[in-house]
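Architecture at a glance
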Amino acid sequence: MERKITKKIFVGNVPIGGGSPISIQSMTNTITKDVFATARQINEFTKEGCNISRSAVNDLDDALAIKKIKSLTTIPFIADIQYDYKLAIMAAENGADCLRINPGNIGGRKKVKEVVECCKYHNIPIRVGVNSGSVNQKFIDKFGGVNKESIVYSALDQVEFLESLNFDQIKISIKSSNVPICVESYELLSSLCDYPLHLGITEAGPSFRGSIKSSVGLGIILAKGIGDTIRVSLTGNPVEEVKVGKEILRSLGLLRDGIDLISCPTCSRTKIDLINIVEQAEKELKHVKKNLKIAIMGCPVNGPGEAREADLGIAGGNGKGLIFKKGQIIKKVEEKDLLSELINEINNYTEE
């Protein structure tokens with residue numbers, strides 16, 4: 001797919017837009033002022049492949065904690081501010097790498113200007129956030145409800161005010177829990193501006209339902225070449241957001257950072273314990289950094305033929321299996337040795 005090239009900004013040392021790799025974000029659910037709990041969760045994000053973390057800053061102690069949190073973590077920190085412009089300024093002064101604000105609820109234009117001047121001084125960007133629950137009423141009235149037009153023009157109204165203050169270190173997010181509206185809104189916004197866009201399906205729901213909803217919505221938008229950074233919003237352990245986000249990007253070929261494991265559904269032709277083999281393979285290959293496509297298939301029908309594009313793979317037989325490379329069979333082994341032999345081939349794999 002051809003990605004739209006947007007303006008490049010930096011959140012800490014992570015480039016956003018301008019053709020940069022799509023970054024993955026998550027948000028802590030700890031009390032931010034609990035420095036060690038928050039830092040521990042951010043480091044869990046990092047271990048799973050998260051690029052940027054965000055935390056709510058609800059009071060002065062949260063803002064003051066940012067400096068210590070950053071000393072214990074390695075990825076950029078976004079401060080999420082609602083209503084209080086003074087907290088936004090304190091967060092910037094204490095080391096936040098980006099502010100997430102809704103300029104419409106931060107306390108009036110004079111106060112927004114103070115936040116902008118602080119961001120200019122500290123050279124940090126602002127993420128303008130509007131979702132379907134925070135659309136400016138004048139645009140709801142103008143466009144007849146909460147829809148793609150009212151969401152997009154509500155966000156652009158805020159962007160235009162920041163631009164009037166000679167500030168352009170901006171990324172924009174416009175979210176809805178309604179997938180079609182979200183897709184239409186991002187399409188419209190992308191056609192109207194060149195700022196980098198943060199993608200998300202807001203309030204997507206619990207882990208299973210939310211993962212599917214986010215995968216559908218974000219997948220459609222990303223497949224259109226739109227989007228520079230993403231967050232999967234799930235009700236649950238936020239580490240899962242990172243895992244789902246990575247798989248969404250992998251499925252579209254937008255992320256190549258390790259093993260791409262594919263496997264077939266079981267059927268009556270399967271004569272090996274495919275489910276267990278796949279589960280064990282997923283665990284053992286999780287942190288392998290080689291960019292390889294690995295196929296684990298239950299029978300010869302789905303083996304070297306259908307999985308020909310895989311770099312390496314298994315095709316199961318009756319208590320045995322074939323190891324294949326680029327569609328060519330290289331050895332036949334007992335079922336109990338299939339996974340260990342496959343991992344050995346992965347460790348020794350070199351492009352010919």
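All figures in this text were calculated on a predicted structure; none of them were measured in a lab.

**Re the pattern of salt bridges**
Going through the model one piece at a time under the given rule, you end up with 19 salt bridges. Notably, a salt bridge pairs Arg3 with Asp228, separated by 3.6 Å at the nearest N-O pair. Taken together, the positions of Arg3 in the segment before strand E1 (9-11) and Asp228 in the loop between helix H8 (207-223) and strand E10 (229-231) put the pair 225 residues apart, joining distant regions of the chain. Linked through salt bridges whose partners overlap, the residues forming this network are Lys33, Asp59 and Asp62.

**Digging into the packing of aromatic side chains**
In total, this model carries one aromatic pair according to the counting rule given. A centroid spacing of 5.4 Å and a plane angle of 15 degrees characterise the contact between Phe143 and Tyr153, whose relative ring orientation is stacked. One end of the pair, Phe143, is in helix H5 (residues 137-143); the other, Tyr153, is in helix H6 (residues 148-164), and ten residues separate them in sequence.

**Comments concerning the pairing of strand E15 (residues 328-334)**
Where strand E14 (residues 320-325) meets E15, six bridges bridge the pair, whose relative direction is antiparallel. Residue Gly321 lies in a different strand from E15, and its bridge partner there is Val333. Linking E14 back to E15 in an antiparallel pair, the connection comprises two residues, with Lys326 at a positive phi of about 50 degrees.

**Focus: the sheet that holds E10**
Pairing is parallel in the open sheet, where eight strands are placed in the order E8-E7-E6-E5-E4-E3-E10-E9. Only two strands of the sheet have a single neighbouring strand rather than two, namely strand E8 (170-175) and strand E9 (198-199). As paired elements, strand E3 (residues 23-27) and strand E4 (residues 52-56) share three bridges and run parallel to each other. Residue pairing across strands places Ser26 opposite Ser53, the latter belonging to E4. Packing against the sheet, helix H7 (residues 179-192) makes contact with E8 and E9, and its axis sits at approximately 150 degrees to E8.

**Regarding the nonpolar core**
With 73 residues, the main nonpolar core has Ala79, Ile81, Leu99, Ile172 and Ile174 as its most contacted residues. When residues of this core are assigned to their parent elements, the largest contribution, seven residues, is made by H6. Excluding residues that lie within four positions of it along the chain, Ile81 makes contacts with Val57, Leu87, Ala88, Ala91, Arg100, Ile101, Asn102 and Ile106. Residues Ile259, Leu292, Ala310 and Val333 belong to the second largest nonpolar core, which totals 28 residues.

**Here we look at helix H1 (residues 35-48)**
Helix length check: H1 (14 residues) gives 20 Å between terminal C-alpha atoms against 20 Å at 1.5 Å per residue, within 8%. All of the buried residues along H1 are Val35, Ala37, Thr38, Ala39, Gln41, Ile42, Phe45 and Glu48. Of the residues flanking the end of H1, it is Gly49, one or two places downstream, whose phi is positive at about 110 degrees.

**So, the sheet that holds E15**
Neighbouring strands of a sheet are bound in pairs by backbone hydrogen bonds; such pairs are parallel or else antiparallel. The five strands lie next to each other as E11-E12-E13-E14-E15, forming an open sheet whose pairing is mixed. Two strands in the sheet have a free side with no partner beyond their single neighbour: strand E11 (260-263) and E15. Neighbour to neighbour, the strand axes of the sheet diverge by 20 degrees on average, direction disregarded. Where strand E12 (residues 293-297) lies against strand E13 (residues 312-316), four bridges are found, and the strand directions are parallel. Across the sheet, the residue bridging to Met297 is Ala315, located in E13. Across the face of the sheet, helix H10 (residues 274-285) comes into contact with E11 and E12 while running at roughly 160 degrees to E12.

Cut-off values and rules
- Residues numbered from 1 in each chain as written.
- Predicted model: local features only at pLDDT ≥ 70, side-chain atom pairs only at ≥ 80, totals over all residues.
- Heavy atoms only, no water.
- Salt bridge = Lys/Arg side-chain N within 4 Å of Asp/Glu carboxyl O.
- Helix = DSSP H or I, 4+ residues; strand = E, 2+ residues; numbered from the N terminus.
- Phe/Tyr/Trp six-rings, centres within 6.5 Å; stacked < 30°, edge-to-face > 60°.
- Pairing = 2+ DSSP bridges.
- Contact = heavy atoms within 4.5 Å.
- Axes fitted to C-alpha atoms, helices over the stretch in contact; angles between N-to-C directions.
- Core = buried A, V, L, I, M, F, W, Y, C linked by side-chain atoms within 4.5 Å.
- Buried < 20%, exposed > 50% of the residue type's maximum accessible area, 1.4 Å probe, protein only.
- Expected span 1.5 Å × (residues − 1).

Any link to function would need more than the numbers given here.
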